[in-house]
Amino acid sequence: MVIDSPDSPDLADEAASWPAVYIHLPFCARVCPYCDFAVVAGRDDLTDRYVAALLAEISSEPDWLPLRSVYFGGGTPSRVAPELLARLVADIGHRFGLEPGAEISLEANPEDWSPGTAVGLVDAGFNRVSFGAQSFHPEVLRSLGRVHLPEAVPVAVEAARHAGFATVNLDLIYGTPGERLSEWEDTLAMAMGMGPDHVSCYSLTVERGTELYRQVEAGSPGPDPDLQADQYELADELLARHGLVAYEVSNWARPGHHCRYNLAVWGQAEYLSFGMGAHRYRDGVRSHNLSRLDLYLEAIEQGASARRGMERIEGWPAELERLFLGLRRRAGVKMGPAGRRLIESVEGKELVAAGALASRGDRLVVLRPLLTDAVIRAVLALSPG
Amino acid sequence: MFPSARIRNFSIIAHIDHGKSTLADRLLERTGAISAREMRDQVLDSMDLERERGITIKAQAVRLNYRSREGEDYVLNLIDTPGHVDFSYEVSRSLAACEGALLLADAAQGVQAQTVANAHMAINAGLEVIPVINKIDLPAADPERVTGELVGILGGGPDEVLSISAKTGAGVDDLLEAIIAHFPPPEGSIDDPLRALVFDSYYDIYRGVVCYVRVVDGTLAVGERVQFMATGESHDAEEVGVLTPKAVAVGALGPGEVGYLITGVKEIGRIKVGDTITNARRPAVSALAGYDEPKPMVFSGLFPTDGDDYERLREALDKLTLNDASLQYEPETSKALGFGFRLGFLGLLHMEIVRERLEREYDLDLVATAPSVAFRVTMQDGSTLDIRSPQDLPDPTARVEIQEPYVKAMIIAPAGFVGPIMELVQARRGEMGTMHYLSPERVELTYRLPLSEVVFDFFDLLKSRTKGYATLDYETAGYRSSDLVKVDILLNSVPVDAFSSIVHRDKAATYGRTMVERLRALIPRQLFDVPIQAAVGGRIIARETVKAKRKDVTAKCYGGDISRKRKLLDRQKEGKKRMKLVGSVEVPQEAFVAALRVDLDE
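Residues numbered from 1 in each chain as written. Chains lettered and ligands numbered in written order. Predicted model: local features only at pLDDT ≥ 70, side-chain atom pairs only at ≥ 80, totals over all residues.

1. Digging into the overall build of chain B
Right, so step 1: Scanning chain B for helices and strands turns up 14 helices and 34 strands.
Right, so step 2: Relative to its length of 602 residues, chain B is compact, with a C-alpha radius of gyration of 27 Å against a globular reference of 25 Å.
Right, so step 3: Counting only residues that meet the buried cut, chain B has 48% of its 602 residues in that class.
Right, so step 4: Long-range pairs, those at least 24 residues apart, make up 70% of the contacts in chain B with a sequence separation of at least 6. (Helix = DSSP H or I, 4+ residues; strand = E, 2+ residues; numbered from the N terminus. Rg over C-alpha atoms; globule rule 2.2 N^0.38 Å. Buried ≥ 20, exposed ≤ 12 C-beta atoms within 10 Å, placed from the backbone. Contact = placed C-beta atoms within 7 Å.)

Put into structure tokens, the structure is as follows:
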């Protein structure tokens, strides 16, 4: 069997039909200053109630297809007891069925991880783990509000490998104010030393409503976009040298280790999602749940729907969204009506002239991933007429 | 008609905040024109904007009935004058309607430049002046020093200076007696043909234009045909009346009387302040002296932020000119800003007031180009051109010289600030005139300066260098030849007309550098490097570059992020739409506003 490269166009297109499920576990020891996700800190006492609510929500979802991927994200899923996670995996498998060799992935913090946890999770069916390593510089970690020490990461990776996880991912953050290019290079080298199958590199982003946002508003230095560009280019080069293939703006993987859940999302596949603040896309409708823990729990416990806000995505907006999501991939997208319109537009031509965008046969690809949003704004400005 | 021997027409001359409006209120109250219960603070400053800025824009006249201590009845007409140098023509017309003026000085702050300038204007107009020290109840009051200053300006003896507190009313009764004793009654013959001075006008939505008039000779009676001598227009006198301060119609106004006239004219531009009204059937031989056309001193382009608002802006300007005859405008097209208007203002304050009114009363979002004065260009063929916009400046090969308007400026400040003032004035190409000590502590300096150097931020700088103590007044002093050049600003090699400016050669580098530095900070990074250059003729005098953006991408876009990211990018896309495309460079509206701020020095 030929293993597809993570950036293969065939793989990217095929992912549009992969059934995937996302489970949100919002619990954290503390809220990181840069994080704007739906998370709660210091409410681990509600874990049992929350898992019960998840099970109830899953049972009320109409039948669907056997799953290619189940992704536990957060928050910090590793804060939830392995037995509860096992129960969720079993329940989801029972409810929808799992394809043979389905991806079952969770996010974990190195400090929550022990050999025992790892073994328990493999027994529960997990085969992919994503560690929030972020940086291997203690100072950078501190200013990111991370509590683990750099040396906890290789220990956790080793435990995961030993327990039998097929894919290990490391999440890294670059562009923390004060982080020098050389320090980022060190972090990348340390990460490579652990032989990860998958790496996600995220530029630190100042999101509204976060502690970091308040600090920057109050005059603290924010990330320097030019340095972040240097850091991105360095990562792209260094990771490639270690056999990791870039396949999305922020993601690199060895062949065979691409994240299926995310490829499904970028392929505009339908996916289900459960938990507080969870977003799903099914039957042409994107909808999301209540994003406050107490309200989510109350709704589910009263037998009500936790869904708030929904929008139907069809016709031209759906076509634009296909490009919006797909152009983040190195494989790009099939041209389609919107792609053809873009390439003919004034803005599209400017982007081509700037070397940011290109047509490759029947595909449209972003050649400068760092300018992806400039391309997407041009996409969103397209009209069908 | 009231016998002119018992009429006194007067103005109050005062610096801002020296208590003119409070004194006016007190006079209204003491003469029973308005009861204490009706008393609203400062009834004469009626417009919101005036109240906020503490200034008076439109003159008004109030007729007060006063019974003297001797028991005789008098009519006192208090004619309000605008308090800002922008409106000096209006001040001169209001003074022309008076025989007397109260020169009001704050007991703590003393005489200020504006007070002196207006006092000189009053004396030159032949008015009797009564010096009055106000706010004697203040702890910091120094009536002795201020008396010295007033005597220094007006001559006369210290015993002629009155001391009052308009706030408490102390001394106001004596002041009323001084008004009837010292101000002469109006002269004029009831038998001569009508001559009445239009000293102000305003637009009333129901009645049309209302003229404020002072009858000099003859009678102005309802129903008669009147002629405006400067414009030549004739109209029927539909209504004649006085302001008490409420409008009260009367049959006729005789010599010396002050009141209003309504003719049914709807366009304020047809009524000229300073014009003389006469009887169309029995016209006067000559008009009253002093008539002038309002001359705009400062020009600026005004463009709607949203091009679709052009028609609304035009309508707003049409309406605004109904009650602001001094405002002039004509259509202007800018490559960078689209369709708009070139406006002429009496001064910078006038400009700010107009812009604020357009934005506030007409809900318009506007971009204003850098204000400019009018330059006079002599061409090769000997003809002259008045240039109100840098875009209109002819090529250097076609012109012989450029002249710019000058002013004679008067500055009054504590003597200790003479050094910093001289420095500032020299930096503004000023030439020293006279220096005169009003008292050992305070000095009056006069200078000749280019208007362009005074009109924008000079006053703010003067204030900041003298800890707020200096005051300024100026009057026009003709045109002079100057070494002026046009500085162009180029974005990606394309000149942006809105940023061009005509400046003195010595200031060109500063202007150019300031503009390119500002624009570098204001123009967002694009997909390519954007050079920003300042040029005089073909020579580049300053250059900066907005480096191409390297990173424009959201780090994460997973299942839970899609809607939010799409909305964010949609908003950014909308923001892009609001940018003006200059050549191939996207420039946000705010960049025009921020780059064109006038404070070029600091």
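2. Looking at the overall build of chain A
Right, so step 1: Looking only at helices and strands, chain A features 15 helices and 17 strands.
Right, so step 2: Against the 2.2 N^0.38 benchmark of 21 Å for 385 residues, chain A shows a C-alpha radius of gyration of 21 Å, consistent with a compact globule.
Right, so step 3: Within the span of chain A, comprising 385 residues, buried residues form 50% of the whole.
Right, so step 4: Nonlocal contacts in chain A, meaning residues at least 24 apart in sequence, comprise 72% of its contacts between residues at least 6 apart.

3. Comments concerning the nonpolar core
Right, so step 1: Ala-101, Leu-103, Val-213, Leu-220 and Ile-411 of chain B are the most contacted members of the largest nonpolar core, which totals 170 residues.
Right, so step 2: Considering each element in turn, this core owes the most residues, 8 residues, to strand 24 (residues 399-414) of chain B.
Right, so step 3: Every residue in contact with Ile-411 of chain B, bar those within four places of it in the chain, is listed here: Ala-113, Ile-421, Leu-445, Leu-462, Ala-470 and Leu-472 of chain B.
Right, so step 4: Within the second largest apolar cluster, 117 residues are counted, among which are Ala-108, Ala-378 and Leu-382 of chain A together with Cys-557 of chain B. (Core = buried A, V, L, I, M, F, W, Y, C linked by C-beta atoms within 7 Å.)

4. Description of the domain arrangement of chain A
All names here are of chain A.
Right, so step 1: Domain boundaries assigned for chain A yield domain 1 (9-266) and domain 2 (316-380).
Right, so step 2: Here the C-alpha centroids of domain 1 and domain 2 sit 28 Å apart.
Right, so step 3: Every contact between the two is made by 11 residues of domain 1 and, on the other side, 11 residues of domain 2.
Right, so step 4: Its residues assigned to classes, the side of domain 1 that touches domain 2 comprises 9 nonpolar, no polar and 2 charged. (Domains from an automatic or database assignment. Nonpolar A, V, L, I, M, F, W, Y, C, P; charged D, E, K, R; others polar.)

5. Overview of the sheet that holds strand 16 (residues 357-360) of chain A
All names here are of chain A.
Right, so step 1: Sheet architecture is open: 3 strands sit in the order 15-17-16, paired in antiparallel fashion. The sheet is open, and its two edges are formed by strand 15 (333-334) and strand 16, each paired on a single side.
Right, so step 2: Inspection of the sheet shows strand 16 paired to strand 17 (residues 363-366) by 4 bridges, in the antiparallel sense. Looking at the pairing, Ala-358 lines up with Val-365 of strand 17. (Pairing = 2+ DSSP bridges.)

6. Considerations on the sheet that holds strand 12 (residues 239-243) of chain B
All names here are of chain B.
Right, so step 1: Judged by pairing direction, the sheet is antiparallel, and its 8 strands sit side by side in the order 11-10-16-7-8-15-12-13 without closing on themselves. Lying at the two open borders of the sheet, with one neighbouring strand each, are strand 11 (234-236) and strand 13 (247-250). On average, each strand axis in the sheet is inclined to that of its neighbour by 40°, with strand direction left out of account.
Right, so step 2: Pairing of strand 10 (residues 225-228) with strand 16 (residues 276-279) involves 3 bridges; the strand directions are antiparallel. The residue bridging Phe-228 from the neighbouring strand is Ile-277, located in strand 16. (Axes fitted to C-alpha atoms, helices over the stretch in contact; angles between N-to-C directions.)

7. So, the packing of helix 2 (residues 47-60) of chain A against helix 3 (residues 82-96) of chain A
All names here are of chain A.
Right, so step 1: Contact geometry of helix 2 with helix 3 gives a least axis separation of 10 Å together with a crossing angle of 5°. Here helix 2 is positioned roughly parallel relative to helix 3, judged by the angle of their axes. Contacts from Thr-47, Val-51, Leu-54, Leu-55, Ile-58 and Ser-59 in helix 2 reach Leu-84, Arg-87, Leu-88, Asp-91, Ile-92 and Arg-95 in helix 3.
Right, so step 2: Partitioning the contact of helix 2 with helix 3 into residue classes produces 7 nonpolar, 2 polar and 3 charged. (Parallel < 35°, antiparallel > 145°, perpendicular 65-115°, else oblique.)

8. Considering the interface of chain A and chain B
Right, so step 1: If you look at the interface, chain A gives 34 residues, while chain B gives 21 residues.
Right, so step 2: Mapped by element, the contributors of at least two residues to the side of chain A that touches chain B are strand 8 (198-203), helix 9 (225-241), helix 10 (260-266), strand 11 (271-274), helix 12 (316-326) and helix 15 (372-380) of chain A.
Right, so step 3: When its residues are assigned to classes, the side of chain A that touches chain B shows 19 nonpolar, 8 polar and 7 charged.

9. Let's talk about helix 4 (residues 113-124) of chain B
Residues and elements named next belong to chain B.
Right, so step 1: When the terminal C-alpha atoms of helix 4 are compared, their 16 Å separation across 12 residues agrees well with the 16 Å that a helix rising 1.5 Å per residue should span.
Right, so step 2: Counted residue by residue, helix 4 has 9 buried out of 12 residues, so it is predominantly covered.
Right, so step 3: At the C-terminal side of helix 4, Gly-126 shows a positive phi close to 85°. (Expected span 1.5 Å × (residues − 1).)

10. Quick notes on the pairing of strand 3 (residues 73-79) of chain B
All names here are of chain B.
Right, so step 1: Most of strand 3 is tucked away, with 6 of its 7 residues classed as buried.
Right, so step 2: In the sheet, strand 1 (residues 7-14) pairs with strand 3 via 5 bridges, with the strands oriented parallel. Within strand 3, the position partnered with Phe-10 by the bridge is Leu-78.
Right, so step 3: Two elements, strand 2 (residues 61-67) and strand 3, share 7 bridges in a ladder whose sense is antiparallel. Bridge pairing in strand 3 places Tyr-66 opposite Tyr-74.
Right, so step 4: Adjacent in sequence and paired antiparallel, strand 2 and strand 3 are bridged by 5 residues, among which Gly-71 carries a positive phi angle near 90°.

11. Details of the environment of Thr-278 of chain B
Residue and element names in this part refer to chain B.
Right, so step 1: The topology assignment puts Thr-278 in strand 16.
Right, so step 2: In this structure Thr-278 comes out as buried when scored by C-beta crowding, with 25 C-beta atoms within 10 Å.
Right, so step 3: Expressed as a C-alpha distance, the spacing of Thr-278 and Leu-197, which sit 81 residues apart in the sequence, is 9.2 Å.

12. A look at unusual backbone geometry
Right, so step 1: Of note, the bond from Gly-74 of chain A into Gly-75 of chain A is cis; its omega dihedral lies within 30 degrees of zero at 15°.
Right, so step 2: In this fold, Gly-75 of chain A is placed in the loop between strand 4 (67-74) and helix 3.
Right, so step 3: Positive phi, normally seen in glycine, also occurs at Arg-429 of chain B, with a value near 60°.
Right, so step 4: In this structure, Arg-429 of chain B sits in the loop between helix 9 (418-427) and strand 25 (431-437).

13. Details of helix 13 (residues 562-577) of chain B
Right, so step 1: A rise of 1.5 Å per residue sets the reference length of helix 13 of chain B, with its 16 residues, at 22 Å; its end C-alpha atoms lie 22 Å apart and thus fit the reference within 8%.
Right, so step 2: Every buried residue of helix 13 of chain B is accounted for by Ile-562, Arg-566 and Leu-569 of chain B. Looking down the long axis of helix 13 of chain B, one finds its buried residues gathered within 70° of arc, a one-sided arrangement. Summarising the geometry of helix 13 of chain B, the exposed residues directed more than 90 degrees from the buried face are Lys-567, Arg-571 and Glu-574 of chain B.
Right, so step 3: At its buried positions, helix 13 of chain B is contacted by strand 12 (279-282), strand 13 (285-289), helix 12 and helix 15 of chain A. (Arc of directions from axis to C-beta.)

14. As for the confidence of the model for chain B
All names here are of chain B.
Right, so step 1: For chain B, the mean per-residue pLDDT works out to 87, and 94% of the residues sit at or above 70.
Right, so step 2: Considering only residues more than four positions removed or in separate chains, one finds that residues 44-59, a stretch of pLDDT under 50, has 37 contacts.
Right, so step 3: Confidence estimates for the predicted assembly give a pTM of 0.71 and an ipTM of 0.95. (pLDDT = per-residue confidence, 0-100.)

15. Side note on the pairing of strand 6 (residues 128-134) of chain A
Residue and element names in this part refer to chain A.
Right, so step 1: Judged by how many residues are buried, strand 6 sits mostly within the fold: 7 of 7 residues are covered.
Right, so step 2: Of the two faces of strand 6, both are covered, the one formed by Arg-128, Ser-130, Gly-132 and Gln-134 as well as the one formed by Val-129, Phe-131 and Ala-133.
Right, so step 3: When strand 6 meets strand 7 (residues 167-174), the two strands line up parallel, connected through 6 bridges. Following the sheet pairing, Gly-132 is matched in strand 7 by Asp-171.

16. Quick look at the packing of helix 12 of chain A against helix 13 (residues 336-344) of chain A
Residues and elements named next belong to chain A.
Right, so step 1: Packing of helix 12 against helix 13 brings their axes to within 8 Å, and their N-to-C directions diverge by 70°. On the basis of the axis angle, helix 12 is roughly perpendicular to helix 13. For the pair helix 12 and helix 13, the contacting residues are Glu-319, Leu-320, Arg-322 and Leu-323 in the first and Gly-336, Pro-337, Ala-338 and Gly-339 in the second.
Right, so step 2: Taken together, the residues that form the contact of helix 12 with helix 13 break down as 4 nonpolar, 2 polar and 2 charged.

17. A closer look at the environment of Ala-38 of chain A
Residues and elements named next belong to chain A.
Right, so step 1: Checked against the element boundaries, Ala-38 lands in the loop between strand 2 (27-28) and strand 3 (40-41).
Right, so step 2: Residue classification places Ala-38 among the buried residues on the basis of 22 C-beta atoms within 10 Å.
Right, so step 3: Between the alpha carbons of Ala-38 and Leu-382 there is a distance of 32 Å; along the sequence they are 344 residues apart.
Right, so step 4: Those residues in contact with Ala-38 that sit more than four places away from it in its chain are His-24, Pro-26, Met-276, Gly-277 and Ser-291.

18. Side note on the environment of Asp-186 of chain A
All names here are of chain A.
Right, so step 1: Note on placement: Asp-186 falls in helix 7 (residues 181-193).
Right, so step 2: We classify Asp-186 as partly exposed; it has 17 C-beta atoms within 10 Å.
Right, so step 3: Placed 50 residues apart in sequence, Asp-186 and Phe-136 show a C-alpha to C-alpha distance of 7.5 Å.
Right, so step 4: With near-sequence residues (within four places) excluded, Asp-186 lies in contact with Phe-136 and His-137.

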